[in-house]
Amino acid sequence: MAGVEEVEVVVAHSRRAALRVGDVFLKVDGDPAHADVEVRAMAMAPVPTPPILWHEPPVLAIAAVLGEALGVLGEPSTASRTAWAAAGAATRRLHEAPLPPWPGPRLEDVAAELDREYAWLLANDVLPAEVIRRNREIAQAALRPWEPVFIHGDLQITHVFVDGDEVTGVIDWSEAAPGDAMYDLAVLTLGHEERLDDLLAGYGAGADRDVIRAWWSLRGLVASRWLIEHGFDPDAPGCEFDVLRSRMREP
């Protein structure tokens, strides 16, 4: 990193910060367990991940991956249909891999979190009540027993990198765990719902579109308060509030 003059703050909040220095990312986590999960998950994942340069808690240094993110929220994805299908195929490989040995989210915990955040959203008038109630109805379909698979846990569109039509890297593995496959597929298409067909073309059989739609609503409901309290805007174009409002246009 000698000679690098600029440090870019990629993300910074009370729990975590990430800096880019040249082609190196420095991640500083308030909870060392998150970095530990990230290191272990990347070693197990059967998909491209960034090289780990060094790890001295609380700092994890990883190299940048080639290519560009599959897209960003609020803007149409310029990635090809083939690139989206490649992302689906990579996600399938992950979901078919052996489970990580640490625990993942439990159905009862997800249901309890949804109830808490639903009550908070209604009490704080951050969205019209009918939008919150309608999405709570849709989200119920995600609250069913699932067969756990190896999930990324935060498979946002900005966490999947492609070069042309190939996946070159998947980043940010601190939420990896055994969990619901449909959750990963929902998070990856959140705000880019029109790309679901392309993603599933590569993922293959077994995806439940109704459950994916339910996770779109559930993710939007449970993530909004955290985003607000940590300085992010869930009402930015293409983000959680837009996703929740869009559900009102569905039958």
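What counts and what doesn't
- Residues numbered from 1 in each chain as written.
- Predicted model: local features only at pLDDT ≥ 70, side-chain atom pairs only at ≥ 80, totals over all residues.
- Heavy atoms only, no water.
- Helix = DSSP H or I, 4+ residues; strand = E, 2+ residues; numbered from the N terminus.
- Contact = heavy atoms within 4.5 Å.
- Lys, Arg positive; Asp, Glu negative; His and termini not counted.
- Charge placed at Lys NZ, Arg CZ, Asp CG, Glu CD.
- Pairing = 2+ DSSP bridges.
- Axes fitted to C-alpha atoms, helices over the stretch in contact; angles between N-to-C directions.
- Core = buried A, V, L, I, M, F, W, Y, C linked by side-chain atoms within 4.5 Å.
- Buried < 20%, exposed > 50% of the residue type's maximum accessible area, 1.4 Å probe, protein only.
- Salt bridge = Lys/Arg side-chain N within 4 Å of Asp/Glu carboxyl O.
- Polar contact = N/O pair within 3.5 Å; in protein donor to acceptor, adjacent residues only side chain to side chain.

Draft legend 1. Representation of the overall build of the protein chain. Across its full length, the protein chain holds eight helices and 10 strands. Judged by the C-alpha coordinates and their principal axes, the protein chain covers about 55 × 40 × 35 Å. Long-range contacts, defined here as pairs at least 24 residues apart, represent 70% of the contacts in the protein chain between residues at least 6 apart. Here the protein chain carries 22 positive and 41 negative side-chain charges, and the mean point of each set is 6 Å from the other.

Draft legend 2. Quick look at the sheet that holds strand S8 (residues 160-163). With antiparallel pairing, the three strands of this open sheet are ordered in space as S6-S8-S9. At either margin of the open sheet sits one strand with a lone partner, and together these are strand S6 (68-69) and strand S9 (166-170). One ladder, built from four bridges, connects S8 with S9; its direction is antiparallel. Within S9, the position partnered with Val160 by the bridge is Val170.

Draft legend 3. Broad picture of the sheet that holds strand S5 (residues 59-63). Strand order across the open sheet formed by five strands is S1-S2-S3-S5-S4, with antiparallel pairing between neighbours. Looking at the sheet topology across the chains shown, the edges are occupied by strand S1 (8-12) and strand S4 (52-56). Pairwise comparison of adjacent strand axes, ignoring direction, gives a mean angle of 15° for this sheet. Judged from the five bridges that link them, strand S3 (residues 24-29) and S5 form a sheet pairing that is antiparallel.

Draft legend 4. Quick peek at the pairing of S8. Where S6 and S8 come together, two bridges link them in antiparallel fashion. Bridge pairing links Ala69 to Phe161 in S8. Adjacent in sequence and paired antiparallel, S8 and S9 are bridged by two residues, among which Gly164 carries a positive phi angle near 70°.

Draft legend 5. Main features of the environment of Leu244. Its location among the elements puts Leu244 in helix H8 (residues 240-246). In the structure, Leu244 is positioned 108 residues away from Arg136 in sequence and 9.8 Å away in space, judged by C-alpha atoms.

Draft legend 6. The arrangement of the nonpolar core in detail. Within the largest apolar cluster, 65 residues are counted, with the highest numbers of intra-cluster contacts made by Leu70, Trp173, Trp215 and Leu218. The leading source of residues in this core is helix H7 (residues 209-229), at eight residues. Beyond its immediate chain neighbours, meaning those up to four positions away, Trp215 contacts Val110, Ala142, Arg144, Trp146, Asp180, Met182, Tyr183 and Ala186. Membership of the second largest hydrophobic core comes to five residues, among which are Val21, Val24, Leu26 and Ala61.

Draft legend 7. Just the pairing of S4, in detail. Pairing geometry for S4 and S5, over four bridges, is antiparallel. Bridging across to S5, Ile52 finds its partner in Ile62. Taking the residues that link successive antiparallel strands as the turn, the S4-S5 hairpin has two residues.

Draft legend 8. How the structure looks around the pattern of salt bridges. Taken as a whole, this structure holds 20 salt bridges when the rule is applied. For Arg225, the salt bridge identified is with Glu117, shortest N-O distance 2.9 Å. Here Glu117 lies in helix H3 (residues 107-124) and Arg225 lies in helix H7, a separation of 108 residues in the sequence. Three or more residues are tied together by salt bridges with common partners; here these are Lys27, Glu38 and Asp172.

Draft legend 9. Just the side chain of Arg16, in detail. Relative to the helices and strands, Arg16 resides in strand S2 (residues 16-21). For Arg16, a relative accessible area of 18% translates into the label buried. For Arg16, the side chain forms a polar contact with the side chain of Asp29, separated by 2.6 Å. Separated by 3.3 Å, the side chains of Arg16 and His34 make a polar contact. Not counting chain neighbours up to four residues away, the residues in contact with Arg16 comprise Val11, Val28, Asp29, His34, Ser174 and Glu175.

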